[in-house]
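Here is how the chains run, residue by residue.
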Amino acid sequence: MANFKFTIIIPNNSGYKVSIDSVISQQLDFIENTQVIVVKENDEIALDIDEYISQYPDNILVLDNGSGNSALRHANGDFISFMKAGDSFDGKCLKLVSEMFDTNKDINLISVPLFDNIYKNPLYDLPTSDNRIINVNDEDMNYYFHLPICSSFIRKNNYEFED
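On a predicted model such as this, the values are computed, not experimentally measured, just so you know. (Residues numbered from 1 in each chain as written. Predicted model: local features only at pLDDT ≥ 70, side-chain atom pairs only at ≥ 80, totals over all residues. Heavy atoms only, no water.)

The helix and strand inventory of the chain stands at 5 helices and 9 strands. Going residue by residue from the N terminus, the α and β elements of the chain occur as β-α-α-β-α-β-α-β-β-α-β-β-β-β. The burial tally for the chain puts 44% of its 163 residues in the buried class. In the chain, the share of contacts with a sequence separation of at least 24, taken over all contacts with a separation of at least 6, comes to 77%. As displayed, the chain offers around 9200 Å² of accessible surface, 47% of which is attributable to carbon and sulfur atoms. (Helix = DSSP H or I, 4+ residues; strand = E, 2+ residues; numbered from the N terminus. Buried < 20%, exposed > 50% of the residue type's maximum accessible area, 1.4 Å probe, protein only. Contact = heavy atoms within 4.5 Å. Areas by Shrake-Rupley, 256 points an atom, 1.4 Å probe, with all protein chains shown as cover.)

As structure tokens, then:
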């Protein structure tokens, strides 16, 4: 499988197609830059993803009975994000995150706002609208430690979660 700039991991819960469409419609070229891993966490929702797989066979991977760790082992992106099903990125999100990582090689985590798919309101927003780098050693981190992983991108390393 090809190497990508991003791997976006999405569970197959209600709304996952909204999330996939949000990733596909980014300003950054999807086919060249992005891998989507859909993790089948349960059998309650049919995984009707054939249309995506036939259109993007090299970009979409489905893991039956997967977990975060199994998705990480299959991730071919330089930067990884765990996205909640039903959340969506702003259309320029991946382009801006890519530029931030590319110009700041020492950064390992970037958090972004996510939007609900009905009202387009921010679900997770940052305390400032400015793009800025935060040194966790220098700032009051009470807010930042509560940012959910589903609104963050991490530089790929050998990360693994407890099962």
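Here the narrative resumes.
Grouped together as the largest cluster of nonpolar side chains are 28 residues, with contacts concentrated most on Ile8, Ile20, Phe89 and Phe153. When contributions to this core are tallied by element, the ones reaching two or more residues are β1 (4–11), α1 (16–24), β2 (34–40) and α5 (93–103). A total of 5 residues in this core trace back to one element, the largest contributor, which is α5. Counting residues in hydrophobic clusters, the runner-up holds 10 residues, among them Ile9, Ile37, Val39 and Leu72. (Core = buried A, V, L, I, M, F, W, Y, C linked by side-chain atoms within 4.5 Å.)

Attention now moves to the pattern of salt bridges. The final tally for this structure, using the stated rule, is 3 salt bridges. With a closest N to O distance of 3.0 Å, lysine 5 and aspartate 102 form a salt bridge. Pair noted here: lysine 5 is in strand β1 and aspartate 102 is in helix α5, with a separation of 97 residues, a long-range link. The partly exposed category is assigned to aspartate 102, whose relative accessible area is 34%. A salt bridge links lysine 17 to glutamate 51; its shortest N-O distance comes to 3.7 Å. Of the two residues, lysine 17 is situated in helix α1 and glutamate 51 in helix α3 (residues 50–55); the sequence distance between them amounts to 34 residues. A residue is classified by how much of its surface remains accessible, and glutamate 51, at 48% relative accessible area, is partly exposed. (Salt bridge = Lys/Arg side-chain N within 4 Å of Asp/Glu carboxyl O.)

Most of strand β4 (residues 77–82) sits inside the fold, with 5 of its 6 residues counted as buried. In terms of strand pairing, β1 meets β4 through 5 bridges, oriented parallel. Among the inter-strand pairings, isoleucine 8 is bridged to a residue of β4, identified as serine 81. Two strands pair when backbone bridges link them, and β4 and strand β9 (residues 152–155) are joined in this way by 2 bridges, in the antiparallel orientation. (Pairing = 2+ DSSP bridges.)

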